[in-house]
There are 2 protein chains.
Amino acid sequence: RHDRNNTSVTVFEQEHFQGKCKEFTSECCNIHDCSLDNIRSIRVESGAWVGFEHHDFQGQQFILERGEYPNWEACSGSLSYHIERFMSLRPIHCASHNNSRMKIFEKENFIGRSTELCDDYPSLVAMGWIKPEVGSMHVQCGAFVCYEYPGYRGQQYIMESERHSGDYQHWKTWGSHCQTPKIQSIRRIRH
Amino acid sequence: RHDRNNTSVTVFEQEHFQGKCKEFTSECCNIHDCSLDNIRSIRVESGAWVGFEHHDFQGQQFILERGEYPNWEACSGSLSYHIERFMSLRPIHCASHNNSRMKIFEKENFIGRSTELCDDYPSLVAMGWIKPEVGSMHVQCGAFVCYEYPGYRGQQYIMESERHSGDYQHWKTWGSHCQTPKIQSIRRIRH
């Protein structure tokens, strides 16, 4: 069902794919344990990955899909506070693209108004959602990336059906860096 | 065919929707001529808009879809060089979402390998494109936003069927700020 075997990423200690490099095909919980000082550029060969600010998959999250990320800004996108490194990374468990499905709720603990999502939404309010926030979420199938601002900008939160049983009942469970329930765009993550 | 009449954006001189504000329902080629000193936050009520770094729709481009942009980082996304203002903005002419269609070419002047796009693509190489660059583009219907990096990050270029007859034959025609043919993700712009 899931494409776990075909994931590969090469990371480089310097920008533009220079310097010491290392290939990963599964998770790395601390780059220092892999004798890397830093990650400054990344080439994702297959699968979808998520990079984390701190070791053990803590701190800000950054979706990494197939392609080339020649410098830090290419990796990170826009941020509320700036960091300059990844300390851990892991593959994302995706479902077949067309099967991805999640539900968002107005309030914490899966209560209040709700909507089912099975597409990409650069603006949640444009598709009828009531406010620039989400109270809780349940991922039924696949994986999604949720963003603080419209147009896939700002803080990113990776949500997977295979983690926490797909349940994200409060913004404090979205990631250790999350400080508000602000979410304004959501999209599926593909293989 | 196009939804030109239903576009509205409110801009604010200070962050978090504070200070002097002004509503626009059509293009503004220089905010100083509208007695605004600055734009620090934006609320898009309807339609899709593009903000520009310089007056007369020059410089870096930023797609603005329905929702709230409380500060500069929410508006801008990630950038190769940092700017801190919009000087002009205008609505984008979108087609019905499902009719949006464009063609990308390997080389300048619409030659080399080509692919037709009618969906959203967070990674062009993941869907079979050959390299992290595009030589030229033709937008047959609707409007798209093209990004320098995968996952809708980096420099943005707004491409519309209603401008330049939809023809973008060289990266120099993608925008006055464009310096390379690097494009790694593309998506449709909705009403």
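Definitions and cut-offs
Residues numbered from 1 in each chain as written. Chains lettered and ligands numbered in written order. Predicted model: local features only at pLDDT ≥ 70, side-chain atom pairs only at ≥ 80, totals over all residues. Heavy atoms only, no water. UniProt positions renumbered as here; feature names shortened; annotations may be inferred. Helix = DSSP H or I, 4+ residues; strand = E, 2+ residues; numbered from the N terminus. Buried < 20%, exposed > 50% of the residue type's maximum accessible area, 1.4 Å probe, protein only. Contact = heavy atoms within 4.5 Å. Areas by Shrake-Rupley, 256 points an atom, 1.4 Å probe, with all protein chains shown as cover. Core = buried A, V, L, I, M, F, W, Y, C linked by side-chain atoms within 4.5 Å. Pairing = 2+ DSSP bridges. Phe/Tyr/Trp six-rings, centres within 6.5 Å; stacked < 30°, edge-to-face > 60°. Lys NZ or Arg CZ within 6 Å of the ring centre and 35° of its normal.

Per an unreviewed UniProt entry, chain A carries the name Beta-crystallin A3-2-like and comes from Labrus bergylta. The heading Function (unreviewed entry) in the UniProt record of chain A holds the text "Crystallins are the dominant structural components of the vertebrate eye lens."

Trainee: Help me understand the overall build of chain A, please; the structure alone is not making it clear to me.
Mentor: Helix and strand counts for chain A stand at 1 helix and 14 strands. Across its three principal directions, the C-alpha atoms of chain A cover 50 × 35 × 25 Å. Residue burial in chain A is summarised as follows: out of 191 residues, 58% are buried. Contacts in chain A between residues at least 24 apart in sequence constitute 68% of all its contacts with a sequence separation of at least 6. For chain A, the exposed surface amounts to about 7700 Å²; the carbon and sulfur share of it is 42%.

Trainee: I would appreciate a short explanation of unusual backbone geometry in the present structure.
Mentor: The general pattern is negative phi for most residues beyond glycine and trans for most peptide bonds. The phi angle at Phe-17 of chain A is positive, at roughly 60°, despite the residue not being glycine. For Phe-17 of chain A, the position within the fold is in the loop between β1 (8–14) and β2 (18–24). For Phe-17 of chain A, a relative accessible area of 17% puts it in the buried group. Non-glycine residue Tyr-152 of chain B carries a positive phi angle of around 65°. Among the structural elements, Tyr-152 of chain B can be located in the loop between β11 (143–149) and β12 (153–160).

Trainee: Before we go on, may I ask you to explain the nonpolar core in this structure?
Mentor: A general feature of soluble globular proteins is that nonpolar side chains tend to end up buried together. If you look at the biggest cluster of nonpolar residues, it comprises 24 residues, and the most contacted ones within it are Ile-92 and Ile-189 of chain A together with Ile-92 and Ile-189 of chain B. With residues up to four places along the chain from it excluded, the contact list for Ile-189 of chain A reads Ala-48, Ile-63, Ile-92, Cys-94, Ala-143, Phe-144, Val-145 and Ile-158 of chain A.

Trainee: Explanation requested: the pairing of strand β1 (residues 8–14) of chain B in the structure shown.
Mentor: Along a regular strand, successive side chains alternate from one face of the sheet to the other. Residues and elements named next belong to chain B. Counting buried residues along β1, 6 of its 7 residues qualify, which places the element largely inside the surrounding structure. Pairing between β1 and strand β3 (residues 41–46): 5 bridges, direction antiparallel. Within β3, the residue paired with Val-11 across the bridge is Ile-42. Of the strand pairs in this sheet, β1 and strand β2 (residues 18–24) are connected by 5 bridges, and their pairing is antiparallel.

Trainee: Help me understand the packing of aromatic side chains, please; the structure alone is not making it clear to me.
Mentor: Two aromatic rings, taken as a pair, are described by how far apart their centres are and by the angle between their planes. Scanning the model with the defined rule gives 17 aromatic pairs over all chains in all. An angle of 70° between the planes, with centres 5.6 Å apart, marks the rings of Phe-52 of chain A and Phe-57 of chain A as edge-to-face. The rings of Tyr-147 and Tyr-152 of chain A together with Tyr-147 and Tyr-152 of chain B are connected pair by pair, giving a single aromatic cluster. Above the plane of the ring of Phe-17 of chain B lies Arg-43 of chain B, whose end atom (NZ or CZ) is 4.2 Å from the centre.

Trainee: Which parts of the structure should I look at to understand the pairing of strand β11 (residues 143–149) of chain A?
Mentor: Residues and elements named next belong to chain A. Among the 7 residues that make up β11, 7 are buried, leaving the element largely enclosed by the rest of the structure. Pairing analysis gives 6 bridges linking β11 to strand β12 (residues 153–160), with the strands arranged antiparallel. Across the sheet, residue Tyr-147 finds its bridge partner in β12, namely Gln-156. The hairpin formed by β11 and β12 contains 3 residues between the paired strands, and Gly-151 there has a positive phi angle of roughly 70°. Pairing geometry for β11 and strand β14 (residues 185–188), over 4 bridges, is antiparallel. Opposite Val-145, over in β14, you have Arg-187 as the bridge partner.

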